[in-house]
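Structural description and commentary
If you want the building blocks of each chain, they are given just below.
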Amino acid sequence: MKKTLLRRDFLRATAIAGGGMLVACKWDSDSSSRPTPASSARRNDETPAADPNAERWTPNAFIRISADNFVTVIVGAAEIGQGTMTAVPMIVAEELDADWERVSWEQSEASAITYGNPFWQSEGGLGDLDQAGLQITAASTTVRGYYDSQRRAGAAVRQMLLEAASDQLNVPVESLTTRNSFVIHTASRSRLSYGSLAAAAAEKLPPLSPPLKDPSEFRLIGQRKQRLDAAEKSDGSLDYGFDFKIPNMVTVMVIRAPRFGAQLIGHKVGDAVDVDGFRGVHPIPSGLAVVADDYWSAEQARKLITTEWIGGEELSTADLKDQFDTRNSLPGVPVRNDALRLPGLPSGDITEDYHFPYLAHAPMEPLNVTIDYRGSECEIWCGSQWPDMDQLVAATVLGLPPAAVKFNNLLSGGGFGRRACLGFDYIQEAAHVARVVGQPLKVVWTREDDIRGGYYRPYTACRLSASLDGAGGIASWSHRVASQTLLVNPIVETALGQVTEEVQTSQGAKEMPYAIPDVYVDTHAISNGVPTLWVRSVANATNVYAVETFFDHLAKQAGRHPLSLRRELLQEKPRHLAVLNAVAEMANWTPETNDSLFRGVAVFASYESVIAQLIEADVEKQGEGKHKVSIRKVYSAVDCGTAVNPDLVEAQIESGIVFALSSILFGEIELENGEVKQSNFHDYPVLRMYQSPAMETRVLPSDHSPGGVGELGVPCVGPALANAIYAATETLYTSLPLNRHASLVFE
Amino acid sequence: MTKETVVFTVNDRVEQTVVSPEKPLLWVLRDELDLTGSKYGCGRALCGACTVHVDGQPTRACVTPVKAVEGKRVTTIEALSETELGARVQRAWKSLNVPQCGYCQSGQIMAVVALLRAIPKPTDQNIDEALSGNICRCGMYPRIRKAVHELAAGGFA
């Protein structure tokens, strides 16, 4: 797990041409067995072999200061929309005291050793990876993972600049201050730019423990700064992977299995030969690669080619409900057992079964990989949430050492987890295509390929059961989860299984926050041939829906107001209670409120953050037992510790609300005899402007270290809405999406 | 497939392409003219990421055969900053942190410019009608709506 306190930073600086400097930073979790600061701070690479740990000190630039006083922050995490390329530079620039108007970002190369997120350090058997952390952008970990190390990197460089200025002005370091990329000596009215000092500063030894600012001194952290990537995302100039071109490149589309796991046994090119620009086909493990000059010719040719397949997964999602419910009638593997019950059948007086469908991520930019394989080396351009692993997987397929694969991570047009694929499907496939097509190529996925390509949020069933204590409280609570496991291979299990809840199907169930004497949670891992993957907020999305709606159901049976009962059972959870009270106040909702609106609330903590969300809705009775629901407003109160950029925190929460409503209202992937029924945005709808409700988000002030927010806004939205509907109708909707219920009409 | 010569104007430049007439405008822009600011998102006019202006009208380039723009004026995101309104919309986008992943924003901005040209002071309903064809999977709809209202009020001049 996270080991911030044990970690030490080692920095090294290098003078660069033109008078600037590069600063490298390295983490370590055990300083005693590592080089001393002096040896770790060698200022050039000439004799790395002399140091027994030399390979641990590969130059790794986090900060570049140019002679003309610009600062570039090189960011290890991926930008998938969440604001990485702004938040991480803000953290560095804060401690560096850099002029924000002269700070820019750069995406790092793929390298877990040098750019891995310290959050993912583990005790596992991964050698250097344990120390460095995986370079994966997932689980809302970027800011909370890199926060400490990037602050120290900025502070150390500031210290070196101060020392260089002290030499130059012949004054003590203590008499100097910094501001906006200048070192200032007030007494002599001297101002030296960082750029002019950089070359000399690079000769200084990086301090091991540079002093950090007190939060009261922050000038950037906590400010609503404009995104550093906003301009190129507003004028069409940003090259996403889909746009990226290299000379002599062909376009490849793949005809993939009509059922997951089916094998290609034949194909007929047919009239595709007449398509202008069509170049040929190649069987690969995932199907048939269709090679053509460009997108249009590849798509035209692909339509005309017929393929024959054998085997594959033939399940129908309509059968899953009974299958999963049957499993949930049997004891699972206990993950929480507060009352030390004998594992067995939880028996409460009130029981409900919940069912959640498969979901596709559907990022706006469909998957694509540009790859130039030249026999002994390879270069890849791809928007990835997991570049170090994608690089490794491509190298494995190509039979190359990872160092021979240069992986250029591009900014992604959305990810939501799809671009950190535990099955590494798209990168493996592109490498296989590259092996058989002797020239640079781009594998492109159409929207249909994306929706039908698997790696869905797993189908999940929950059985919740509880007993009331007869005095207005809840005596016992059990939650059983049956879901497909995300642990699909030994690498993933080793890399992630030990360090994160992200792959646990009990996530969000185990952490049920209410003070109930007897809480029991167990799980069933179900396996079938449908490839599954984490989707934004992972199992929290399903488990928290079940927990928070079941809670309101129990409150009703107990004759309690859902707000009052929550407050009572969260007395031991001050952060939960604070966001709950804040959101109720924002919406002016009390247990005594009596007006025409219906309200539902839900509370959730994860990623070291806490959120409460409240939905106000009009629910109008119509004929034939139907209710018309229109969402008036979504309120969110967030405690995410230090909000590095509150505007981007709010943007993430708003984004989470829209993402959640898409899945709650209509998100569903269905399979019939193994074939995916949905294909594009007409049958896999996502929320649109006219369906997007008003929102109000409050970020509560906090001095705690930052928590994650990328997924925080998702899990409570569904239960808040369902609870508002429950308040109006007394109907507990236990299956999603809600628009499948004939009794509900959404406006 | 027979090819034809199609002549049209893109961002004030006359372009002539010899092309299969049913080839969508989007792929002519992206693959032949190297104007990749207009995005592919669905290929079926469902998401709006490919929105361009054809004679000023917002048009889904992914389903518009290039033949259909013969002799017409096509404007893409790449030339938008050359107009006063286009530049203002882009300023609003930056100032209000509207983009997240940004992939849909070319289409969003093209749709917003067309809306504000047609209806300088749009109501929420006008916004819903004009912009609901443009999907933002990052869910920046509240910010887009806010930006449109502030632009209509003369902001970001």
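Residues numbered from 1 in each chain as written. Chains lettered and ligands numbered in written order. Predicted model: local features only at pLDDT ≥ 70, side-chain atom pairs only at ≥ 80, totals over all residues. Heavy atoms only, no water.

Chain B carries the name Isoquinoline 1-oxidoreductase alpha subunit in an unreviewed UniProt entry, which gives Litorivivens lipolytica as its organism.

The name given to chain A in an unreviewed UniProt entry is Isoquinoline 1-oxidoreductase beta subunit, with the source organism recorded as Litorivivens lipolytica.

Take the overall build of chain B next. In terms of regular secondary structure, chain B is built from 5 helices and 5 strands. Across chain B, helices and strands are ordered from the amino to the carboxyl terminus as β-β-α-β-β-β-α-α-α-α. The long-range fraction of contacts in chain B, counting pairs at least 24 apart against all pairs at least 6 apart in sequence, stands at 56%. Accessible surface for chain B amounts to roughly 5,700 Å². Of this, 49% is attributable to carbon and sulfur atoms. (Helix = DSSP H or I, 4+ residues; strand = E, 2+ residues; numbered from the N terminus. Contact = heavy atoms within 4.5 Å. Areas by Shrake-Rupley, 256 points an atom, 1.4 Å probe, with all protein chains shown as cover.)

Residue and element names in this part refer to chain A. Strand order in the open sheet formed by 5 strands is E14-E22-E21-E20-E15, and the pairing between neighbours is mixed. Lying at the two open borders of the sheet, with one neighbouring strand each, are strand E14 (333-337) and strand E15 (350-356). Along the sheet, successive strands turn relative to each other by an average axial angle of 15°, direction set aside. Where E14 and strand E22 (residues 518-526) come together, 4 bridges link them in antiparallel fashion. Within E22, the residue paired with valine 333 across the bridge is threonine 523. Sheet contacts for helix H8 (residues 320-328): E15, strand E20 (460-468), strand E21 (474-484) and E22; angle to E20, the most-contacted strand, approximately 45°. (Pairing = 2+ DSSP bridges. Axes fitted to C-alpha atoms, helices over the stretch in contact; angles between N-to-C directions.)

With 52 residues of chain B in contact, the opposing surface of chain A contributes 60 residues. Between chain B and chain A, the buried area comes to about 4,600 Å², and carbon and sulfur atoms account for 56% of it. Of all residues in chain B, Gln100, Arg137 and Tyr141 of chain B give up the largest surface area on contact with chain A, accounting jointly for 18% of the area buried on that side. The interface formed by chain B and chain A includes 8 salt bridges. (Buried area = accessible area lost by both parts, 1.4 Å probe. Salt bridge = Lys/Arg side-chain N within 4 Å of Asp/Glu carboxyl O.)

Our next topic: empty space enclosed by the protein. All names here are of chain A. Using the criterion set out here, one finds 7 cavities of 30 Å³ or more in the structure. If you go around the largest cavity, you meet 39 residues; those closest to its centre are Gln82, Ser140, Gln652, Val709 and Gly710. Counting residues per element, the ones that place at least two in the lining of the largest cavity are helix H2 (84-96), helix H5 (142-169) and helix H16 (646-666). Of all the elements, H16 adds the most residues to the lining of the largest cavity, at 4 residues. Class assignment for the residues of the lining of the largest cavity results in 17 nonpolar, 18 polar and 4 charged. (1 Å grid on protein atoms, 1.4 Å probe; cavity = no way out; pocket = protein on both sides within 12 Å on 5 of 7 lines; lining within 4 Å. Points joined across faces, edges and corners; volume = space filled by probe spheres on them. Nonpolar A, V, L, I, M, F, W, Y, C, P; charged D, E, K, R; others polar.)

So, about the sheet that holds strand E6 (residues 177-179) of chain A. All names here are of chain A. Reading across the sheet, the 3 strands line up as E6-E7-E8 and stay open at both edges, with antiparallel pairing between neighbours. Pairing within the sheet leaves two strands with one partner each, and these edge strands are E6 and strand E8 (190-193). With strand direction ignored, the average angle separating the axes of adjacent strands in the sheet is 30°. Here E6 pairs with strand E7 (residues 182-185) via 3 bridges, running antiparallel. Each residue of the ladder has a partner; that of threonine 178, found in E7, is valine 183. Together, E6, E7 and E8 form the strand contacts of helix H6 (residues 194-201), whose direction differs from that of E8 by roughly 70°.

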